[in-house]
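So the chains spell out like this:
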Amino acid sequence: MKKSLLLLTAALTFGSMASAQTTAPASAPQVPALTDVPAGHWAKDAIDRLVSRGIILGYPDGTYRGTQNLTRYEAAVIIARLLDQMRSGTVSTGTIDQETLTSLQNAIQELAADLAALGVRVTDLEENAVSKDDFARLEQRVEGLAAQAGDPEAIANIQAQIDELTARADDYDTLRADVDDNASSIAALNDLTVLLNQDILDLQDRVSAVEAAQADFVTRTDFDNLSTKVTGIDTRVTALERAPKFSIGGTINAQYGRLALVSGTTNFDVDRLTRQTFANDAFTTGLNCPSGVYSPSGNNTGCTDTNGGAYTQNGYISFGVKASNLTTASGAVTVNNAAINFYASNTFNLAGGQVGVFVDNASVDGTFSGQKFDVKYSAYNSQFKFNDYLFANDNDTEGAVQRRGIVANIEATQLPLAPKLTIVAGNAAPGRDTNDVLSGNYYGVRASVNPGGIGTFGVSFAQKDGNGTAGSSRSAIGLDYDLGFGTKNADGDSPFTVTGAWVNSLANSGGTFLANGGSFQRALDTRDQAFFTDVKGDLGVVQFGANFRAIDADFADGIAGMSANDSAYYYGAQGYKSTMPYGPDQVGYGAAIGTNLGPVALGAFVDSYVPYDRSVDTTRTTSFGVAAGAQLGALRAVGFYNNTQIDGDTYPFDLNNFAYNLASPYMDIADVPFAYSSTFGGKLSHDGAAANALVKNLSFTIADAYFYDDRVNDFQIYGNYSGTIAGVKIEPFARYHLVSAPGAGVNREGDVVAGTTTPDFSDAYDVRTYNTYKYGVKISTQPFTAIPGQPSVFFNFANRVTNLGTNMNATTAEAEELFGQTGITFNQFFAPNMKASIGYAYYQGFGVSSTTVASSASGASATYSAAADRFYSSPGGGATNPYAGDNFGSSAGKADGIFGQLDWNGLAANYGVFRYTNLINNTTSVAHGFKVSYTYKF
């Protein structure tokens, strides 16, 4: 580098001095003797000339040190001396001859080569150096090495400047023509040289720093060795991940509490005051009460809680072991996951005897010779289903029937047609449902195949041995199919589908084919049979379907199908847990068509059926409906016409199928409002929860239906909204419902109240004019984090008024209900994870069936629902038709309470004071309740 700078400086100096020396020669000064520049060195002449001009003087000790790097200070002195001589005239810039220009060009080119070589050195050092810090991080399995990056932009700038100088040197003819007229060009070239030298010196400093730091770097070989070690560790870790794993987990729960009267004698329901609050499950008798009555809402508004039975000392301990990645020695069986869970009984009752530990459930899944399998065991609620009418026990969540057994599924891909096998076996006994749905030992097998990928076809056999009582043993065989034809769409659905099932169930008593020497004909004569098939087509703009079904009456309550899903506890076939598409005791058929022509909405259906046993009843019920209208997004406006006939006579509705405000289209195709009735009218609705809603979270319905056979008109308008304003969630709702009957009302049977001449309007098809209006709001907030304790609050309110006639006066109403709840929760209360809540609730009812308890049918949903008239039981929430809305009770009362709860890391403490007042005799009862519970999961 020093060589390049020397040549460049000499060329600039002596090229500019050539003219002056020819015209005004001066005596040469004494040249200092530089002791370390040997004679014959290629640079000696240039050094001597610079020394003779005073540009370079050497070091004080008389040395030149030609192999030492030139510092920026030394370069500045050299350039300054040269510039001083040019300004003083000692060096003339008048002429640069060819020889000087050539020397300048050579020096610049040599300087460019040196710079390129220096850049290579920097790049090589930076790309191949690994720091010790990086080495330490690699030992901790960090996936990357932080390479020391160079400064390619600076090098590129230097190269560009050198290229510019080279271009100027090549173009020397132009430079010589301009030098006389513009001496400043020489000065600019000199200044450029100074800048160039400065960049060179910066680069030299970086090289020196990198070279000095080499002691802190490891070699590439060390890095490669470390990478090999890391790869080996990764291999070992992968092996560990695939190795068998075991874990233990469980729950410890303990609770103690009591709710009882402290004054008065009237027991009353408490949990309807606390439902949908922080204390929802704190003061309750338990789910589904009274015993044997299922509450679809999950709330226990149908039971009194203050009789001391709400809760006492209780608790449980459960724990389990899980394993995964288990393989037999031969590798034929691989267990992906396995688990067994236990529970301890009598854990907190010393008088009950010893603590018992029992298996609750177990499961395993994996592959057997490459075929997937899973096996599940349950001590009390084994779940399985063969088809909609046979062994449907997969939705029995409340234990209507207790089933202890196993369920095994195997994808037998190595067998012909690759069937999927389901095998069940166990023992059953009545649970919440006391009927003989499934009892004694039971077992069954189902095999399903998918021939040609068109869908599943299954065949089943099911058997129960009974519990020793006559008639309890039963056998059944079944078929089911779910087939698709045509090119599937993006969702995997075929344009044409055929689905259905057939079950032949035999009670093994008397002389049936399978018991006591019975004949095949006897078996056919005494069989319980269920069959249905649905055929559907979807051509995009039009959908259509047809069905046929024949369902024996014995499939009601799950008896013939041995199906707990259809048990009477869940309100039977087509009840809250049933998946039956068609109810029992009918032979019928139907068809539907629907269109989707952009904004045009069309739908129509027809359905007809008779009882299954026509030797007893030949009544035929036929319903027809059609709807037409338009739709824009989630806004839909349709007009409709329906007709229902029973043995040729027009009826207002079919009680077996009519559902008020039905939301399910016939066969999921024909969406006709008020289906299975004799009505015409119109409906305008908007679904705020739909993806294409015009106004998000705003739902409303305006409907008018005229029951033309009875000349009864049903008009309703209702809506609800959910929105958040400034962090406050607001959910208002409102409803108005008017049923208008001719004259004094419809009394189809013409009967009267016993002992009077007053018409009796209590029958199913009787109705008087009435109206109901209902409104309310739910308000809640998120925690206010800026306020100490981070409180959140809620406020709920609802009011319902029902009058006979069209009068809307609340003070003279035949029935009225008022409900309110409010509360506050401190989400950070004294300690981390601690919450403290306090609430108040009030209920008041007039003209209702009971104020001490309420119907469970809609206890959770109807109170704040705009679609239901009443709080606890109403059309759309327990009743089957709008004609029931004029039925009133004679009770009047109110209940209120204040309650609190403290939560901290699984520990919960509740306390409440509740009061009931009979507004007829003004008697009051007061109850106190408390509950402490702790739950720990491990």
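- Going by an unreviewed UniProt entry, the chain carries the name S-layer homology domain-containing protein and comes from Deinococcus hohokamensis.

**Some words on the overall build of the chain**
Alright, step 1. From N to C terminus, the chain includes eleven helices and 32 strands.
Alright, step 2. Looking at the chain as a whole, 41% of its 938 residues are labelled buried.
Alright, step 3. A separation threshold of at least 6 residues defines the contact pool for the chain, and within that pool the share at least 24 residues apart is 64%.
Alright, step 4. Roughly 45100 Å² of accessible area belongs to the chain as shown, and the carbon and sulfur atoms make up 57% of that amount.

**Thoughts on the packing of aromatic side chains**
Alright, step 1. Evaluation of the coordinates by the stated rule reveals 40 aromatic pairs.
Alright, step 2. Seen in terms of ring centroids, F653 and Y765 are 5.3 Å apart; in terms of plane orientation they differ by 35°. Their pairing is tilted. Within this pair, whereas F653 is found in the loop between β20 (649-650) and β21 (679-686), its partner Y765 is found in the loop between β25 (728-740) and β26 (770-781), the two being separated by 112 residues in sequence. This pair shows no difference in class: F653 is buried, exactly as Y765 is.
Alright, step 3. Here F653 and Y883 contribute two aromatic rings whose centre-to-centre distance is 5.1 Å and whose plane-to-plane angle is 80°, an arrangement assigned as edge-to-face.

**Considering the pattern of salt bridges**
Alright, step 1. Going through the model one piece at a time under the given rule, you end up with 16 salt bridges.
Alright, step 2. A salt bridge links D61 to R65; the nearest nitrogen and oxygen atoms lie 3.1 Å apart.
Alright, step 3. Here R65 falls in the partly exposed class, since its relative accessible area comes to 31%.
Alright, step 4. In this structure, D607 and R549 form a salt bridge, with 2.9 Å as the shortest nitrogen-oxygen distance. Highlighted residues: D607 in strand β17 (residues 600-610) and R549 in strand β15 (residues 542-551), separated in sequence by 58 residues.

**Describing the nonpolar core**
Alright, step 1. In terms of nonpolar packing, the biggest core is built from 52 residues, with Y389 and F391 touching the most fellow members.
Alright, step 2. For this core, the secondary-structure elements that each account for two or more residues are β8 (401-411), β9 (420-430), β13 (496-507), β14 (528-538) and β22 (698-707).
Alright, step 3. The dominant element in this core, judged by the number of residues it contributes, is β22, at three residues.
Alright, step 4. With residues up to four places along the chain from it excluded, the contact list for Y389 reads V503, A530, F532, I551, F555, G561, S563, M580, P581 and Y582.
Alright, step 5. Residues L273, A798, A854 and F914 belong to the second largest nonpolar core, which totals 24 residues.

**Some details on the environment of K464**
Alright, step 1. Mapped onto the fold, K464 is located in strand β11 (residues 455-464).
Alright, step 2. Those residues in contact with K464, other than ones at most four positions away along the chain, are D436, V437, L438, S439, N441, Y442, S472, S473, R474 and M562.
Alright, step 3. Of the polar contacts made by the side chain of K464, one reaches the backbone oxygen of D436; its length is 3.2 Å.

**Regarding the pairing of β25**
Alright, step 1. Summarising the sheet, strand β23 (residues 712-721) and β25 pair through eight bridges and their orientation is antiparallel. Within β25, the position partnered with Y718 by the bridge is R735.
Alright, step 2. Bridge count for strand β24 (residues 723-725) against β25 is three bridges, and the pairing is antiparallel. Bridge assignment links T724 to a residue of β25, and that residue is K729.
Alright, step 3. Count of turn residues in the β24/β25 antiparallel hairpin: two residues, of which A726 carries a positive phi of about 55°.
Alright, step 4. Relative to β26, β25 runs antiparallel, the two sharing twelve bridges. Residue pairing for β26: Y736 is matched across the bridge by Y773.

**Details of the environment of Y641**
Alright, step 1. Along the chain, Y641 turns up in strand β19 (residues 635-646).
Alright, step 2. Once the C-alpha coordinates of Y641 and P673 are considered, the two residues, 32 residues apart in sequence, prove to be 8.5 Å apart.
Alright, step 3. For Y641, the contacting residues outside a window of four places in its chain are F624, G625, V626, T679, F680 and Y708.
Alright, step 4. Side-chain polar atoms of Y641 contact the side chain of Y708, separated by 3.2 Å.

**Side note on the side chain of T306**
Alright, step 1. Relative to the helices and strands, T306 resides in the loop between α10 (271-274) and β4 (314-327).
Alright, step 2. For T306, a relative accessible area of 2% corresponds to the buried category.
Alright, step 3. Setting aside anything within four residues of it in sequence, one finds T306 in contact with L259, A260, L261, T266, N267, F268, V270 and A927.

**Overview of a negative patch on the surface**
Alright, step 1. On the surface, a cluster of negative charge is made up of D585, D613, D617, D647 and D649.
Alright, step 2. Mapped onto the elements, D617 comes out in the loop between β17 and β18 (621-632).
Alright, step 3. Under the relative-accessibility criterion, D617 is labelled partly exposed at 31%.

**So, the environment of Y872**
Alright, step 1. For Y872, the position within the fold is in the loop between β29 (834-848) and β30 (891-904).
Alright, step 2. Note on Y872: relative accessible area 4%, which makes it buried.

**So, the pairing of β22**
Alright, step 1. Here β22 shows one buried face, formed by S699, T701, A703, A705 and F707, and one open face, formed by L698, F700, I702, D704 and Y706.
Alright, step 2. Inspection of the sheet shows β21 paired to β22 by eight bridges, in the antiparallel sense. Of the residues in β22, the one forming a bridge with T679 is F707.
Alright, step 3. As defined by bridge partners, β22 adjoins β23 across ten bridges and the pair is classed as antiparallel.

**Quick look at unusual backbone geometry**
Alright, step 1. Residues other than glycine seldom take positive phi values, yet Q276 does so here, at roughly 60°.
Alright, step 2. Its place among the elements puts Q276 in the loop between α10 and β4.
Alright, step 3. The class for Q276 is partly exposed, based on a relative accessible area of 31%.

**Things to note about the side chain of E816**
Alright, step 1. If you trace the backbone, E816 turns up in strand β28 (residues 815-826).
Alright, step 2. No salt bridge forms around the buried E816; measuring N to O, its nearest opposite-charge neighbour R800 is 8.9 Å away.
Alright, step 3. When neighbours within four sequence positions are excluded, E816 is seen to be in contact with N799, R800, V801, A810, Q844, G845 and F846.

**What to know about the confidence of the model for the chain**
Alright, step 1. Across the chain, the average pLDDT comes to 81, with 75% of residues at or above 70.
Alright, step 2. Within the chain, the lowest mean pLDDT, 43, falls on helix α1 (residues 2-23), and the highest, 97, falls on β15.
Alright, step 3. Here residues 1-29 is modelled with pLDDT under 50, and outside its nearest four sequence neighbours on either side it reaches 70 contacts, counting other chains as well.
Alright, step 4. A low-confidence stretch, residues 856-860 (pLDDT under 50), is modelled with 24 contacts involving residues beyond four sequence positions or located in other chains.

What counts and how
Residues numbered from 1 in each chain as written. Predicted model: local features only at pLDDT ≥ 70, side-chain atom pairs only at ≥ 80, totals over all residues. Heavy atoms only, no water. Helix = DSSP H or I, 4+ residues; strand = E, 2+ residues; numbered from the N terminus. Buried < 20%, exposed > 50% of the residue type's maximum accessible area, 1.4 Å probe, protein only. Contact = heavy atoms within 4.5 Å. Areas by Shrake-Rupley, 256 points an atom, 1.4 Å probe, with all protein chains shown as cover. Phe/Tyr/Trp six-rings, centres within 6.5 Å; stacked < 30°, edge-to-face > 60°. Salt bridge = Lys/Arg side-chain N within 4 Å of Asp/Glu carboxyl O. Core = buried A, V, L, I, M, F, W, Y, C linked by side-chain atoms within 4.5 Å. Polar contact = N/O pair within 3.5 Å; in protein donor to acceptor, adjacent residues only side chain to side chain. Pairing = 2+ DSSP bridges. Patch = residues over 30% accessible without salt bridge, like charges linked within 9 Å, V, L, I, M, F, W, Y side chains within 5 Å. Lys, Arg positive; Asp, Glu negative; His and termini not counted. Charge placed at Lys NZ, Arg CZ, Asp CG, Glu CD. pLDDT = per-residue confidence, 0-100.

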